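The residues making up each chain are set out below.
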Amino acid sequence: MKKELKLENPIMINGQQRDVLTYDAQEITAVHFAEAESRKLSAIASKAGNRAGAVELDYGFHLYLGFAAIVAVNPDIDMSDLERLKGRDVLEVMKIGRNFIIARSEEPSEADSSDEQ
């Protein structure tokens, strides 16, 4: 289901100033997922650190997954457009990707029906 992100710092995309971006993390495909990882690695390639061992802790990857959720429902937007976001808007997009990663782990698990203790 599409949601809207209201930007505090509008950005120009294809000659139009955008202050609202729609997104849907459920539309992220395997290709989007792989592109997010690739772009995250490219963004930090010249830096020495922050290569998280666990996807749940990889905030850079979360950001690019948030970008993927936006791109998935806005074919006129490229991730390179979204790399121009700034301020709290970056954090809000990162939260979209983080929630995509951790949403399943936050759901209550089913009770174990085995008799073993």
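Our structure's up above, just so we're on the same page.
We now turn to the structure provided with this report. On a predicted model such as this, the values are computed, not experimentally measured, just so you know.

Procedures and definitions
Think of each chain on its own: its residues are numbered from 1, step by step along the sequence as written. Reporting of local features is limited, given that this is a predicted model, to residues whose pLDDT is at least 70; pairs of side-chain atoms are given and counted only at 80 or more, and all residues count toward the totals for whole chains, interfaces and linings. The side-chain figures draw on all heavy atoms in the structure; neither hydrogens nor water molecules are used. Strands are runs of DSSP state E lasting at least two residues, helices are runs of H or I lasting at least four, and both sets are numbered from the N terminus onward. Contacts: residue pairs with any heavy atoms within 4.5 Å of one another. Take a side-chain nitrogen of Lys or Arg and a carboxyl oxygen of Asp or Glu: if they are within 4 Å of each other, that pair is a salt bridge. Only protein chains enter the calculation, and the probe is 1.4 Å; a residue is then buried if its accessible area is under 20% of its type maximum, exposed if over 50%, and partly exposed in between.

Considering the arrangement of structural elements, one finds His32 in helix α1 (residues 30-44). The contact partners of His32, leaving out residues within four places of it in the chain, are Glu27, Ala68, Val71, Ala72 and Met79.

For the rest of this paragraph, the subject is the pattern of salt bridges. This structure, assessed with the given rule, holds 9 salt bridges. Between Arg39 and Asp78 there is a salt bridge, with the nearest N and O atoms lying 3.5 Å from each other. Here Arg39 is found in helix α1, whereas its partner Asp78 is found in the loop between α2 (59-73) and α3 (79-82), with 39 residues between them in sequence. In this structure Arg39 comes out as partly exposed when scored by relative accessible area, which is 22%. Take Asp78: its relative accessible area is 32%, and that puts it in the partly exposed class. Taken together, the salt bridges that share partners define one network made up of Glu35, Arg39, Asp78 and Glu83.

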